[in-house]
Amino acid sequence: MKDTENHTLSFDDYDEMINPRPEECDFDRIVEAALSRRGFLGGVLTFGSFAAVGGGFSPAEAASNRFAFEAIGTSVADDVVVPPGFKAEVLVRWGDPLWSDAQEFDHATRGTAASQERAFGDNTDGMDVFFHNGKTLLVVNNEYTNRDILWGNNPDAKPASDDDIAKGMMAHGVSVVEIANTDGKWHIVKDSPYNRRITPNTEMELTGPAAGHDLMKTAADPAGKKALGTWNNCGNGATPWGTYLACEENFNGYFSSSEDVQDDNPKSITPEMKRYGVSTKDWGYGWAKIDERFDVAKHANEPNRAGYVVEIDPSDPNSNPKKRTALGRFKHENAETVINNDGRVVIYMGDDERGEFLYRYVSNGVYAAGVDTDELMENGTLSVAKFNENGTGAWIPLTPETTGLGSQAEIQIHTRQAASAVGATTMDRPEWVAANPKEAEIYCCLTNNKNRGVKTNAGGDETPAMGPNPREKNNYGQIVRWRPDAGDHTTPGFTWDLYVLAGNPTVHSDAYAGSSNVNADNMFNSPDGLAFDANGLLWIQTDGSYKNEGDFAGQGNNQMLAGDPVTGEIRRFLVGPKECEVTGLCWSPDRRTMFVGIQHPGERGDSHWPEGGDAVPRSAIITVTRDDGGLLG
């Protein structure tokens, strides 16, 4: 495939192009059984929450009190649509300067590396709000850049100089910015001492079992305890002690090799690299051209230093972020933190690739005011989920004894291989995980998997259509939830069901129509972002097909919906502009403002949001408020 064609591929599709999986044909019997609506839907699909049995809201209370908005229809407009009585406004966009001496965004040039380093990053994703010393701090992942937009002023939308490549690099990472509300309108506070750009060049500490291991050592870092930068941060998490967790996802696509390849088996790409999608070619960003650490032929261990959860202290702009290797290395989506009843820290995480796994980390120590929080994220047990078809499951610890790997450090570096070794359940791209604040239950978006029942995952593990992943060639996705045994998040066992099976009931009449809480008025595909508000409503954000035809007819642009965990009811609240993903969600401290991320509008050339006209489309954070100033979540 020509490099110019790679720009339109998704991360997953590009990975499969460079690392194709063999097609499998022996799942038909399992698929047929899984798609029996009589047998399947009567078993693991239960819309009423566990809370309906154990307490919380009654169904009657939920129906009358839970939704404080009028459901809206789908939209194909190049704008953000919200219900009557609400308004959406842009807070900050890609390229907006964070300091008064920085340049404003230039639509003609898309800026320079120097201007981008002092401006809000591109393609917002996970985010959270922190309140410190009377200041409101917004921390946002800047996952990646759309090359066709970033370099759209150049011939063939390719970098014309090293500065173009560096500009793309500086658009990645994390943006920390102070925000304030003046006369009812939110704005960024330029020149705030808390404003900060964390980029692929920011120095970071490596902590936990993998720090200092031989596989982490490089010429620039012979001790294996310091790394430069973070990039392709997708979802996020927040800790009770006020730090932000940025999650490195598709880190692999930035590495390449200068090896002169004479055959189809380059020596510079080891089986371990291939398992994570590292190839001789990157996705077109060209970082190795300006920084040789991204050349695996010269620095074979550099990919081992990416793919972690990164802890950032927004209250201390001089602090170094910390890569927490104890939480494993994979394509992290988000990191949902729960404090267990006994005080131990539990973090749930998904590996967002077709056929990968769900993980849980449990700290050895307990959290309390004044304790060493570093220890809580350095010493603990990482486990992977095994789902049984009867609605039960178990967390399998990843140790040298269970996996056969030589050391705990190797497990934290080669986590996917460790999970495969213990027979974990392959999942339909585990995206965001969210914990119900009202009950001991956890939800996870399984966004889609066109390879379910067709191909293995990257490690050769089979992907039969069964359990929480019941549909072959799953283009719609579902949300699985589980409840830990006895309400204890550290126990090995859990029970599970499916909260919703997304689909299109206007096109299909079988399992691809979706579950019974999906109808023509609320249908959607590819649930991705997921968060609970303080009242226990579940907010669902989508990153799926916006074709609005065929299997996706009538579904319009990507959207955000709210779901009742007790009754299963789902209502559409917001629809984004053309060709965007709706991702990232948090609330102001007073709960009167909802912050929502709009990522990659116009990724295929059909949007000029948010400025309209012939403006360059720009990812942005929007605020959503009620006209009456009331609470939102």
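Residue numbers run consecutively from 1 along every chain, following the written order of its sequence. Since the coordinates come from a predicted model, pLDDT governs what is reported: local features require at least 70, and pairs of side-chain atoms require 80 or more to be given and counted, while whole-chain, interface and lining totals use all residues. Note that water and hydrogens are dropped before the side-chain values are worked out from all heavy atoms of the structure.

**Student:** Sorry if this is basic, but what is going on with the overall build of the protein here?
**Tutor:** Put simply, DSSP marks the helices as runs of H or I at least four residues long and the strands as runs of E at least two long, and each gets a number from the N terminus on. Helices and strands together make up the secondary structure of the protein, namely 14 helices and 28 strands. Out of the 633 residues in the protein, the part that is buried amounts to 61%. Throughout, the Shrake-Rupley method with a 1.4 Å probe supplies accessible areas, and for residues the shown protein chains are the sole cover considered. In the form shown here, the protein has an accessible surface area of approximately 22,100 Å², with 47% of it arising from carbon and sulfur atoms. Any residue under 20% of the maximum accessible area for its type is buried, any over 50% is exposed, and the rest in between are partly exposed; the area is computed with a 1.4 Å probe on protein chains only.

**Student:** I tried to follow the sheet that holds strand E22 (residues 527-532) on my own but got confused; where do I start?
**Tutor:** Picture the strands of a sheet paired through backbone hydrogen bonds; they go either parallel or antiparallel. DSSP bridges decide pairing: two strands pair if at least two such bridges lie between them. With antiparallel pairing, four strands are arranged side by side in an open sheet as E22-E23-E24-E25. With one partner strand each, in any of the chains shown, E22 and strand E25 (570-575) form the two edges of the open sheet. Across the sheet, the mean angle separating the axes of adjacent strands is 25° when strand polarity is ignored. Bridge analysis of strand E23 (residues 538-542) against strand E24 (residues 559-563) gives four bridges, and the strand direction is antiparallel. Lines fitted to the C-alpha atoms define the axes, with helices restricted to the stretch that makes contact. Angles between their N-to-C directions range from 0 to 180 degrees.

**Student:** Please explain the side chain of Ser115 as it appears in this structure.
**Tutor:** Tracing the chain through its elements places Ser115 in helix H7 (residues 113-117). Classification of Ser115 as buried rests on a relative accessible area of 11%. At 2.8 Å, the side chain of Ser115 and the backbone nitrogen of Thr112 are in polar contact. Any pair of N or O atoms that falls within 3.5 Å is considered a polar contact. Within protein, one atom must be able to donate a hydrogen and the other to accept it, and sequence-neighbouring residues count only if both atoms are side-chain atoms.

**Student:** Just to check I follow, could you spell out the state of the cysteines for this structure?
**Tutor:** Any covalent bond linking the sulfur atoms of two cysteines counts as a disulfide. Disulfides are defined as cysteine sulfur pairs within 2.5 Å. Tallied over the entire structure, the rule returns zero disulfides. Take Cys234: it sits in no disulfide, and the sulfur closest to it among the cysteines is that of Cys247, at 8.1 Å. Of the residues examined, Cys234 reaches a relative accessible area of 4% and is grouped as buried. In this structure Cys445 is a free cysteine whose sulfur lies 6.6 Å from that of Cys444, the closest cysteine sulfur available. Cys445 sits in the buried class, given a relative accessible area of 0%.

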